[in-house]
Amino acid sequence: MFRAVSRIFRTPDLRRKIGFTLGIIALFRLGSFIPSPFVDYSNVQTCLAGQQSTSGLYELVNLFSGGALLQLSIFALGIMPYITSSIIVQLLRVVIPHFDALYKEGQQGQAKLTQYTRYLTIALGILQSTTLITVARSGALFGSSSVSECSQLITNNAWYAILLMVITMTAGTGLIMWMGELITERGIGNGMSLLIFTSIAAKFPTALWAIEQAKNFEIFLMVIIVGIVIMGLVVFVEQSQRRIPVQYAKRMVGRRTYGGNNTYIPIKVNMAGVVPVIFASSLLYLPALVAQFNTPSNGTAPAAWVSWVQTNLTSGDKPFYMVLYFLLIIGFTYFYVAITFNPEEVADNMKKYGGFIPGIRAGRPTADYLDYVLTRVTLPGSLYLGLVALIPLIALATVGANQNFPFGGASILIIVGVGLETVKQVDSQLQQRHYEGLLK
């Protein structure tokens, strides 16, 4: 293992790529601490020290921004607008035939879809930065905090100051998107994923130390041991797949023979990745947001439905919240897998190139068989996603950790997924220059 790592740094091209990637990551983290114009940095730090946890969508966005959201920095929005726009463009392939046609055109059509994703990212950046500034001006960014400085985060409420803050945060989102593309082109690849990995990993020491401060060293050590076990189990499931064998018939094209080889279709247990967790978290935040806007500001008692929402749907340690969260993740997993994997399209492509599954007729029977296997493989995958997503909520109710608990939810799925993919990228580039790779 150590010899393989030493080979990485002895290879000039790979060493240059890793150095470039680390330099971009350092700039990305530096921008997370630079405050936006007209933001009172001292008041923000006071509120951060006094607040225990945020909830709902702000928790997720703050996680993906590496804590930059609550600091109102120039990179406050993080990579979240790009993630949202990518998911939207992917879902629009089902609704808009033109998008599906572009996707099937190959590299040129997908480059056009990437351009649409960039435009949508900037638009979402404008919308989300405006919302964030509005919430910060109202004093609700840190929830129901009793610290008076939390209502005085912005020093200038003039229209030009607000406009400059929106432009700065949106430009920060565009810069992050450009950094991610630079890592993909000139670094070790997976630029956007690596930036998300960096943001989440930056929160690990703070979250773990908060547990040690709130409890004791024995609880802290137990959390570390449980976290290592959870990470190992997540790696095992993320690598698990159902391989459907495929054979290709031999065919003559001129004097050459094509086909005749055996391969397989890998159907992963977790084909949806972290997307269902993001969908479920975002959807569960909507009732709390509506209830927040319907809470009387004069101190009178809120309506019955507002009180019910505030009691059951704003805190992750409530049983109803956990059950609903778990069921939503299962539903969104089936929904997202049905959109991203089309058995009929796969069956048609196999038939076009002379491929078939042994014992299954080509065409419609193949599509039905793939749908049968996909439906049954997705069930344990959805249950696995739901259980992993509940880990931070269980830790919130038992250990007293906040919802940024590192060994669970979206954080552990992204950390493991991106880590495995990055190791594979480095291994493949190492094998291009040496016969032996990083992995055994």
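Positions within a chain are numbered from 1, following the residues in the order the chain's sequence is written. In keeping with the model being predicted, local features are shown solely for residues with a pLDDT of at least 70 and side-chain atom pairs are shown and tallied solely at 80 or more, while totals for entire chains, interfaces and linings include all residues. As a rule here, side-chain values come from all non-hydrogen atoms in the structure, and water together with hydrogens is ignored.

**Examining the side chain of Arg93**
Right, so step 1: Inspection of the secondary structure assignment puts Arg93 in helix H5 (residues 80–95).
Right, so step 2: The buried label goes to any residue with under 20% of its type's maximum accessible area, the exposed label to any with over 50%, and the partly exposed label to all in between, with areas taken from a 1.4 Å probe on protein chains only. Owing to a relative accessible area of 17%, Arg93 belongs among the buried residues under this scheme.
Right, so step 3: Should any heavy atoms of two residues lie within 4.5 Å, those residues are counted as being in contact. When near neighbours in sequence (up to four residues on either side) are disregarded, Arg93 contacts Phe99, Asp100 and Tyr103. Where helices and strands are cited, they refer to DSSP runs of H or I of at least four residues and of E of at least two residues respectively, numbered from the N terminus.

**A short note on the nonpolar core**
Right, so step 1: We call a set of buried residues a nonpolar core when its members are Ala, Val, Leu, Ile, Met, Phe, Trp, Tyr or Cys and they connect through side-chain atoms within 4.5 Å of each other. One finds Phe64, Ile83, Ile200, Val234, Val277, Tyr325 and Leu413 to be the most contacted residues of the largest nonpolar core, which totals 79 residues.
Right, so step 2: Here this core gets 11 residues from one element, more than from any other, and that element is helix H16 (residues 364–398).
Right, so step 3: Among all residues touching Leu413, those that are not within four sequence positions of it are Val234, Glu238, Val274, Val277, Tyr384, Leu385 and Val388.
Right, so step 4: Counting residues in hydrophobic clusters, the runner-up holds 21 residues, among them Leu132, Leu153, Ile162 and Val166.

**Brief notes about the sheet that holds strand E4 (residues 262–268)**
Right, so step 1: The pairing criterion is simple: DSSP has to find at least two bridges between the two strands. As summarised here, the arrangement of the 3 strands in space is E4-E1-E5, forming an open sheet in which the pairing is antiparallel. Looking at the sheet topology across the chains shown, the edges are occupied by E4 and strand E5 (355–356).
Right, so step 2: Strand direction decides the pairing type here: strand E1 (residues 241–248) and E5, joined by 2 bridges, are antiparallel. Within E5, the residue paired with Gln247 across the bridge is Phe356.

**Quick word on the packing of aromatic side chains**
Right, so step 1: Here a pair means two rings of Phe, Tyr or Trp (six-membered ring of Trp) with centres within 6.5 Å. Their orientation is stacked below 30 degrees between planes, edge-to-face above 60, and tilted elsewhere. Counted according to the given criterion, the structure contains 6 aromatic pairs.
Right, so step 2: A centroid spacing of 6.1 Å and a plane angle of 25 degrees characterise the contact between Phe28 and Phe75, whose relative ring orientation is stacked. Taken together, the residues Phe28 in helix H2 (residues 12–31) and Phe75 in the loop between helix H4 (57–64) and H5 connect sequence positions 47 residues apart.
Right, so step 3: On the accessibility criterion, Phe75 (3% relative accessible area) is buried.

**Structural notes on the packing of helix H7 (residues 107–138) against helix H8 (residues 159–186)**
Right, so step 1: Where H7 meets H8, the closest approach of the two axes is 9 Å, and the angle between their N-to-C directions is 140 degrees. Comparing their axes, H8 and H7 come out oblique. The crossing of H7 and H8 is right-handed. When H7 is examined against H8, the residues Arg118, Thr121, Ile122, Gly125, Ile126, Ser129, Thr130, Leu132, Ile133 and Arg137 are found in contact with a partner set consisting of Ile162, Met165, Val166, Met169, Thr170, Thr173, Gly174, Met177 and Glu181.
Right, so step 2: Note on residue classes: Ala, Val, Leu, Ile, Met, Phe, Trp, Tyr, Cys and Pro are nonpolar, Asp, Glu, Lys and Arg are charged, and everything else, Gly too, is polar. Taken together, the residues of the contact of H7 with H8 break down into 9 nonpolar, 7 polar and 3 charged. Note on method: axes are straight lines fitted to C-alpha atoms, helices fitted across the in-contact stretch only, with angles between N-to-C directions ranging 0 to 180 degrees. Note that the term roughly parallel is reserved for angles under 35 degrees, roughly antiparallel for angles over 145, roughly perpendicular for angles of 65 to 115, and oblique for everything else. The sense of a crossing depends on the near helix, which, turned anticlockwise from the far helix by less than a right angle, makes the crossing left-handed and, turned clockwise, makes it right-handed.

**With respect to the confidence of the model for the chain**
Segments scoring low in pLDDT should not have their predicted coordinates read at a detailed level.
Right, so step 1: Here the chain averages 81 in pLDDT, while 85% of its residues score no lower than 70.
Right, so step 2: The pLDDT value tells you how sure the predictor is about a given residue, anywhere from 0 up to 100. Summarising per-element confidence for the chain, the mean pLDDT is lowest in strand E2 (residues 251–253) (64) and highest in H8 (91).

**Quick notes on the pattern of salt bridges**
Right, so step 1: The term salt bridge refers to a pairing of a side-chain nitrogen on Lys or Arg with a carboxyl oxygen on Asp or Glu at a separation within 4 Å. Tallied over the entire structure, the rule returns 6 salt bridges.
Right, so step 2: With its nearest N and O atoms 3.9 Å apart, the salt bridge here joins Lys17 to Asp13. One end of the pair is Lys17 and the other is Asp13, both in helix H2 and 4 residues apart, which spans about a single turn.
Right, so step 3: Arg364 is the partner of Glu344 in a salt bridge, and the nearest nitrogen-oxygen pair spans 2.6 Å. Taken together, the residues Glu344 in helix H15 (residues 343–352) and Arg364 in helix H16 connect sequence positions 20 residues apart.
Right, so step 4: Among the residues examined, Glu344 registers a relative accessible area of 41% and is labelled partly exposed.
Right, so step 5: Via salt bridges that share partners, Asp13, Arg16 and Lys17 belong to a single interconnected network.

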